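Inside the fold
These are the residues of each chain, in order.
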Amino acid sequence: MADVSGGPLDGNALVLAAAQASVPGERLPDLVDRAQAYLESRLEEYRRRYERIHADGTATVFFVEAGHWESVGADLDLEPREWKALRRVHAEHLKRLGGELGRREEFETALELREAVVVGT
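Residues numbered from 1 in each chain as written. Predicted model: local features only at pLDDT ≥ 70, side-chain atom pairs only at ≥ 80, totals over all residues. Heavy atoms only, no water.

1. Description of the sheet that holds strand β1 (residues 51–55)
The antiparallel open sheet is built from three strands, whose spatial order is β1-β2-β3. Whereas interior strands pair on both sides, the edge strands pair on one side only; in this sheet they are β1 and β3 (114–120). Ignoring strand direction, the axes of neighbouring strands in this sheet form an average angle of 25°. Relative to β3, strand β2 (residues 59–65) runs antiparallel, the two being bridged by seven bridges. Pairing of Val61 across the sheet is with Val118, part of β3. Running at roughly 50° to β3, helix α4 (residues 68–75) makes contact with β2 and β3 of the sheet. (Pairing = 2+ DSSP bridges. Helix = DSSP H or I, 4+ residues; strand = E, 2+ residues; numbered from the N terminus. Axes fitted to C-alpha atoms, helices over the stretch in contact; angles between N-to-C directions. Contact = heavy atoms within 4.5 Å.)

Spelled out as structure tokens, the structure:
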């Protein structure tokens, strides 16, 4: 996975999400970094509360309930377009990871009901 602004997210996922988001591409890395600081501070909570999908030396990926990114956005005082862009980046990262692991279809199906969170480790 490519490193994005010191974070664990796939660089191609960030580029794709930026192209689809209503957030300027130059703003998205700052949002990702801000969200990563928030998520990393809650890593133990994620480990206790959510299903871990994958972990490697740079990140742990979790499935969380639908609406999770809206809650994160409220905690970080983000506009809807900003938290939706973050949700998209994390989902795209999961889809790319699914492709690498031969589980893309499974992960895409899961994203119909849940959201993904990638936390740097």
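2. Some thoughts on the side chain of Glu82
For Glu82, the position within the fold is in helix α5 (residues 80–101). Glu82 gets classed as buried once you look at its relative accessible area, which sits at 8%. Within polar-contact distance, the side chain of Glu82 engages the side chain of Arg27 at 3.1 Å. For Glu82, the contacting residues outside a window of four places in its chain are Val23, Arg27 and Leu31. (Buried < 20%, exposed > 50% of the residue type's maximum accessible area, 1.4 Å probe, protein only. Polar contact = N/O pair within 3.5 Å; in protein donor to acceptor, adjacent residues only side chain to side chain.)

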